[in-house]
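Listed below, chain by chain, are the residues.
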Amino acid sequence: MRTLSLDLRERIVASYDHEEGTREKIAHRYRVSLGMVKKLLQQRRRIGHLGPLHHRSGRKPMIVDRHHHQMRALLGRKPDLTLKELRAAVGLDCTLPAIHYVLKKIGLPYKKRRSGPANRTVRTSPGRAGRGGVGKPASTRPD
């Protein structure tokens, strides 16, 4: 649903102020809901202006700038912290994916690597066997 323009909001309230009809008739004339007319009148009475209030909507972030600075400092000193350890060190009460998304947003890499180099001399898994009956004999025992 789109936000009503400030001009339309002002015309709705002005129509109500000039007693051009009931709230229901004004809502019908401007093709808005009765609840919207009521909400505009209440907002003007409470706050004093009719502008949209989007900056107040939605859930407030749990991880704010102060936490970003703490995370940068902690990861600068000890880059191999896990998300769980980072959450405990900063003192947050949020999910681990939330910390991951914040790290990605502020440009801090989070890629765990092995502590030692990979072994390049030995294969880590056997090769795949061929198809069908072609392959090694069933027994290594001589007949």
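None of the values given here were measured: they were computed from a predicted structure.

J.: What's the story with helix H5 (residues 83-90) in this structure? I'm lost.
T.: The α-helix winds at 3.6 residues per turn, so residues separated by three or four positions along the chain end up facing the same way. For H5, every residue scored as buried is listed here: Leu83, Leu86 and Val90. The arc that holds the buried residues of H5, viewed along the axis, is 60 degrees, so those residues lie on one side. H5 presents Lys84 and Ala88 as exposed residues on the side facing more than 90 degrees away from its buried surface. The inward-facing, buried residues of H5 abut helix H4 (65-77) and helix H6 (96-105). Once H5 ends, the next one or two residues include Gly91, with phi positive near 85 degrees.

J.: Just checking my understanding: could you explain the side chain of His68 for this structure?
T.: Topologically, His68 is positioned in helix H4. Excluding residues within four positions of it along the chain, His68 makes contact with Ile63, Val102 and Ile106.

J.: Please explain the pattern of salt bridges as it appears in this structure.
T.: When the charged atoms of two side chains with opposite charge come close together, those side chains can pair. Considering all chains together, one arrives at three salt bridges under this definition. The partner of Arg11 in a salt bridge is Asp7, with the nearest N and O atoms 3.3 Å apart. Residue Arg11 and its partner Asp7 are located together in helix H1 (residues 6-17), separated by four residues, close to a single helical turn. A relative accessible area of 39% places Arg11 in the partly exposed class.

J.: Please explain the environment of Met62 as it appears in this structure.
T.: With respect to the secondary-structure elements, Met62 resides in the loop between helix H3 (34-46) and H4. The sequence separation of Met62 and Leu92 amounts to 30 residues, and the corresponding C-alpha distance is 8.0 Å. Setting aside anything within four residues of it in sequence, one finds Met62 in contact with His67, Leu92, Asp93 and Cys94.

J.: Quick question: what am I supposed to make of unusual backbone geometry here?
T.: Among all residues except glycine, the phi angle is most often negative; among peptide bonds, the trans geometry is most common. Phi at Glu19 takes a positive value of approximately 55 degrees, unusual for a residue other than glycine. Relative to the helices and strands, Glu19 resides in the loop between H1 and helix H2 (23-30). For Glu19, a relative accessible area of 71% puts it in the exposed group. Notably, Arg31 is not glycine yet its phi reads approximately 55 degrees, a positive angle. Counting through the fold element by element, Arg31 comes out in the loop between H2 and H3.

The rules behind the values
Residues numbered from 1 in each chain as written. Predicted model: local features only at pLDDT ≥ 70, side-chain atom pairs only at ≥ 80, totals over all residues. Heavy atoms only, no water. Buried < 20%, exposed > 50% of the residue type's maximum accessible area, 1.4 Å probe, protein only. Helix = DSSP H or I, 4+ residues; strand = E, 2+ residues; numbered from the N terminus. Arc of directions from axis to C-beta. Contact = heavy atoms within 4.5 Å. Salt bridge = Lys/Arg side-chain N within 4 Å of Asp/Glu carboxyl O.

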